[in-house]
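These are the residues of each chain, in order.
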Amino acid sequence: MAAADDPAHVDHPLLSPSFIERRLYQIRLASAARDAHTLVCLPTGLGKTTVSLLVTAERLHEVGGKALFLAPTKPLVQQHADFYREALEIPDDEIVVFTGDVRPDDRAALWDDARIVIATPQVVENDLIGNRISLREVTHLTFDECHRGTGDYAYVYIAERYHADAERPLVTGMSASPGGDKESILEVCENLGLVEVEVMTEEDADVDEYTYDTDVEWERIQLPDEILEIRDAVNEVIKDRLEKLKSLGVTNTTSPDVSQKQLNGMRAELQKLMNNDQSEGYKGMSTHAEVMKLRRAVELVETQSVESVRRYFERQRNAARSSGASKASQRLVAEPKVREAMRKAESFDGLHPKFSQTRILLAQTLGIQDGERVIVFTESRDTAEALTDFLSESFDARRFVGQGDKEGSDGMTQKEQQETLDEFRNGEFEVLVSTSVAEEGLDVPEVDLVLFFEPVPTAIRSIQRKGRTGRQAEGRVIVLMAENTRDEAYFWISRRREKEMKSELRDLKGVADEVEEELDDSQKGLDAFSGGDSAGTDDGESPGAIANGGTAAATTEAPDASTVEADSGTDGGTASGTDTADTNSNDDQAGLDSFAASDEEIARADEKSEAAVEDEDGTVATAGRDDEVVEIVVDQRELDSNIAKDLSTRDGIETRLETLAVGDYVLSDRVAVERKSVSDFLDTLTGGDRSLFEQIGDLSRAYARPILILEGEGLFEERNIHPGAIRGALASLAVDFDVSVLQTRDEDDTAELLLTIATREQTERERSVSVHGGKSTKTLSEQQEYVVSAIADIGPVTARSLLEEFGTVEAVMTAREEDLLEVSGIGSVTAERIRDVIGSEYE
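Predicted model, so just to flag it, every value in this text is computed and none were measured.

I would appreciate a short explanation of the sheet that holds strand β2 (residues 66-70) in the present structure.
Backbone-to-backbone hydrogen bonds join strands into a sheet, with any given pair of strands oriented parallel or antiparallel. If you walk across this open sheet you meet the seven strands as β3-β4-β2-β5-β6-β1-β7, and the pairing is parallel. Taken across any chain shown, the strands that pair with only one partner, and hence form the sheet edges, are β3 (95-98) and β7 (196-199). Neighbour-to-neighbour, the strand axes of this sheet turn through a mean angle of 15°, independent of strand direction. Packed onto the sheet, helix α4 (residues 74-87) meets β2, β3, β4 (116-119) and β5 (138-144) and runs at close to 180° relative to β3. Each of β2, β3, β4 and β5 is contacted by helix α5 (residues 104-113), which is oriented at about 155° to β3, the strand it contacts most.

As structure tokens, this is what we get:
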């Protein structure tokens with residue numbers, strides 16, 4: 001085997017022979033990650049993906065089930081899929097990709113046969129809410145770029161579902177930069193259910209030999225007077241608008257250099273005025289919007305290019321001319337000083353000094369120093385396009401941007417992105433000009449120079465960008481900084497945050513136990529491989545082995561295969577007491593021989609997973625949902641709210657996603673719900689938009705019991721609308737459309753109400769869910785059930801019983817009353833009503 005014949009590579013039954021390079025630090029991290037839900041922090045380019053791959057291979061080989069790997073973008077998903085297919089001895093068709101390009105029905109079919117699914121989180125979130133997939137059999141879940149696991153990001157919901165639904169869960173979170181401080185890292189751990197933190201930096205002995213110095217150089221740029229005049233004209237308008245906000249008492253400053261934090265504070269104060277229905281609040285919010293737009297213009301002209309601010313002004317002018325334009329946009333382009341700035345930008349025929357300095361630095365790297373590849377990062381797509389055009393006059397340069405189309409700028413398809421990266425990697429061109437799409441984990445090859453067109457104010461992004469150089473040889477990172485501009489502020493913010501992050505990660509190495517204690521107690525009961533016992537071995541024994549014969553396995557990504565990359569960290573936890581420094585001794589393999597569970601562990605795991613748990617009465621309890629499951633059909637467009645997510649996590653509730661022709665939620669064959677916020681409802685009364693009443697009309701024609709839920713408070717207080725008009729609308733809905741109007745406080749209240757109605761309909765009244773208003777063609781069986789269920793409003797459950805008994809719709813229609821009474825669920829009253837409907841003369 002490779003363990004004996006090729007000690008430089010990892011041997012494992014599921015790994016391609018001589019493919020994964022043996023690296024001790026990766027083995028240490030993988031050894032820890034196979035035993036607990038682990039956050040893996042590793043510098044960019046050092047193979048976090050490989051660490052996760054090793055754990056995945058081990059879980060699939062020893063435990064079975066399937067693995068799920070989540071990455072935030074389509075290019076990353078495809079990149080990881082290519083790497084996994086190369087690295088694993090698993091048929092390619094069992095490693096599948098889930099993105100929005102794959103139809104939902106196709107994903108459901110692919111999921112059942114796949115061993116490894118690599119997906120974007122939004123797609124998996126939708127499939128879970130729609131009950132198209134189950135996480136029950138997933139034995140390893142990887143969150144790539146896991147620092148995103150905060151707030152409403154899909155990672156948080158998926159983690160909650162995974163820990164609740166999976167029989168044998170194991171989570172690995174990966175990031176080069178999990179957060180700017182200890183609290184941020186703890187938040188990510190709590191949200192994803194991680195209980196261990198393994199961190200390594202370039203300073204660790206195991207890692208040092210695979211890294212090279214990457215010093216950051218700062219190039220100061222002085223802006224010419226023409227550019228400063230454009231900036232100063234816009235700043236005068238900002239000062240004027242801040243004076244107006246100051247008069248409202250929401251700020252004390254009129255400085256154009258006001259911080260984003262201060263602007264957020266102003267917005268909060270204006271919101272309070274609006275909540276009190278004070279007109280000053282609405283006017284102030286419009287002025288605040290102007291300030292935000294103007295600040296963006298200043299930022300572009302200072303830090304990007306005159307071309308980017310010229311395009312920005314043009315978009316603002318077009319927006320002001322469009323129907324429904326905001327007053328803020330209209331006032332902005334009409335302001336004399338702004339118009340003056342626009343004229344100056346349009347007449348400027350010089351070159352922004354950052355452009356010329358970029359050309360000089362590229363000439364030094366690619367010409368004088370015989371470099372091969374350079375990446376230039378910029379925040380603005382406008383700048384990326386202008387810079388690509390400019391540099392193409394001297395170098396072979398290509399742009400690399402996101403997939404979304406923006407006004408005046410076409411995005412790149414996933415195929416175009418992949419082709420561009422492949423060509424860059426193969427040396428077909430020498431300069432890649434990229435927006436932030438290439439920052440996170442994407443397999444951009446090592447380069448001779450990474451040039452930041454502007455400082456990055458976020459530590460996470462700064463670290464990820466710098467990780468593109470210094471992997472296989474010494475590389476340079478240069479940041480262009482315009483003097484006396486926002487660039488300088490971002491420079492200091494970036495430096496401070498990066499230092500804080502590195503310091504926090506180093507500290508985490510020494511306080512790992514304290515971190516675990518601060519995590520939720522609910523995360524302590526890791527059910528590792530056995531589904532009940534802690535993973536690992538008793539009495540301090542070392543973990544099992546990934547390599548046959550007790551040979552330590554070490555790993556990294558293949559030269560051409562991209563991995564998820566990371567930065568900053570600490571020594572990986574030393575497994576089984578092995579000394580991290582002893583990398584040249586045979587003893588370095590002690591306790592790291594492999595991370596395969598022992599036969600006894602697996603036997604215990606299988607026994608526990610298959611055995612039912614008996615309660616005190618001797619009743620056998622098995623995993624899974626109760627027989628009586630309440631189903632709620634959710635319209636795809638309702639995914640913007642958290643209601644469907646909330647419902648999908650409830651025991652005994654099954655959510656299904658559909659594109660509904662009418663309504664937002666279907667709760668039974670006769671009950672469907674249209675949900676409107678109070679604001680949306682009031683908009684229909686003041687804006688002349690009668691679409692609500694058209695929607696309600698369609699709803700009432702399709703369902704016997706239509707419901708309108710008004711969500712939120714302040715129905716009579718939020719707007720200056722006469723109460724009589726509101727009551728008239730409510731009366732029309734109830735009387736003219738026969739719609740029940742119910743009010744809820746918020747999304748949580750709405751979810752509870754939907755659950756109550758659905759449970760009452762389906763459990764107490766034994767009605768099933770039927771999407772009568774759906775546009776999709778019904779199957780023959782569904783059409784037959786639909787016809788029979790319409791008889792005397794008996795519903796689909798009884799309809800199915802009748803069809804099963806008599807075989808055809810015709811036989812049901814001609815059945816005698818005494819024959820009907822033989823059918824389960826049909827009593828004398830129902831049988832008599834059926835015959836009365838079928839046999840009576842039409843009047």
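Looking at this structure, I do not really get the packing of helix α2 (residues 24-33) against helix α3 (residues 48-62). What am I missing?
Helix packing for two helices is described by the angle between their axes and how far apart those axes are. At a closest axis distance of 9 Å, the pairing of α2 and α3 adopts a crossing angle of 50°. Between α2 and α3, the angle is such that the two are oblique. You can see that α2 and α3 cross each other, and the crossing is right-handed. Mapping the contact onto sequence places Gln-26, Ile-27, Leu-29, Ala-30 and Ala-33 in α2 and Thr-50, Val-51, Leu-54 and Val-55 in α3. The class makeup of the residues in the contact of α2 with α3 is seven nonpolar, two polar and no charged.

Explain helix α27 (residues 747-764) to me, please; I cannot follow it from the model alone.
Residue pairs three or four apart in sequence face the same way in an α-helix, which turns once every 3.6 residues. Here α27 is 18 residues long and its end C-alpha atoms lie 25 Å apart, about the 26 Å a rise of 1.5 Å per residue gives. Looking at α27, one finds that the buried residues are Asp-749, Thr-750, Ala-751, Leu-754, Leu-755, Ile-757, Ala-758, Glu-761 and Gln-762. With a side-chain oxygen positioned 3.2 Å from the backbone nitrogen of Asp-748, the residue opening α27 is Asp-746. A positive phi of about 55° marks Glu-766, the residue just after α27.

How should the side chain of Thr-378 be read in this particular structure?
Relative to the helices and strands, Thr-378 resides in the loop between β9 (374-377) and α17 (381-391). Separated by 2.9 Å, the side chains of Thr-378 and Gln-304 make a polar contact.

How should the sheet that holds strand β16 (residues 630-635) be read in this particular structure?
Spatially, β17-β16-β18-β19-β20-β21 is the arrangement adopted by the six strands of the open sheet, whose pairing is mixed. Both edges of this open sheet fall to β17 (653-658) and β21 (740-744), since each of them pairs with a single strand only. Pairing geometry for strand β18 (residues 665-666) and strand β19 (residues 671-677), over two bridges, is antiparallel. Residue pairing in the sheet places Val-666 in a bridge with Ala-672 of β19. In the packing of α27 onto the sheet, the strands contacted are β16, β17, β18, β19, β20 (705-711) and β21, and the crossing angle to β16 comes to about 130°.

Mind showing me how you'd approach the packing of α3 against α4 here?
Closest axis-to-axis distance for the α3/α4 pair is 12 Å, and the angle between their directions is 50°. Considered as vectors, α3 and α4 are oriented oblique to each other. Crossing of α3 against α4: the hand is right-handed. Contact with α3, carried on its side by Thr-49, Thr-50, Ser-52, Leu-53 and Thr-56, involves His-80, Phe-83, Tyr-84 and Ala-87 of α4 and no other residues of that element. Here the contact of α3 with α4 is built from residues that sort into four nonpolar, five polar and no charged.

Rules used in this analysis
Within each chain, residues carry numbers counting from 1 in the order of the written sequence. Residue-level local features of this predicted model are given only where pLDDT is at least 70; pairs of side-chain atoms are given and counted only at 80 or more, and the full residue set underlies all totals for whole chains, interfaces and linings. No hydrogens and no water enter the side-chain calculation; it runs on all heavy atoms of the structure. Here, strands pair whenever DSSP counts at least two bridges between them. Strands here mean DSSP runs of E at least two residues long; helices mean DSSP runs of H or I at least four residues long; both are numbered from the N terminus. Axis lines are fitted to C-alpha atoms, over the contacting stretch for helices. Their N-to-C directions set the angle, which ranges from 0 to 180 degrees. By definition, residues are in contact when any of their heavy atoms lie within 4.5 Å. Roughly parallel covers angles under 35 degrees, roughly antiparallel covers those over 145, roughly perpendicular covers 65 to 115, and oblique covers all other angles. Throughout, a crossing is termed right-handed when the near helix is turned clockwise from the far one, and left-handed when it is turned anticlockwise from it by less than a right angle. For this classification, Asp, Glu, Lys and Arg are treated as charged, while Ala, Val, Leu, Ile, Met, Phe, Trp, Tyr, Cys and Pro are nonpolar and the rest, including Gly, are polar. By this rule, a helix spans an expected 1.5 Å times one less than how many residues it contains. Think of it in three bands: with a 1.4 Å probe and only protein chains considered, a residue is buried below 20% of the maximum accessible area for its type, exposed above 50%, and partly exposed in between. Any N or O atom pair separated by 3.5 Å or less is treated as a polar contact, with the protein-specific requirement of one donor-capable and one acceptor-capable atom, and with residues adjacent in sequence counted only for side-chain atom pairs.

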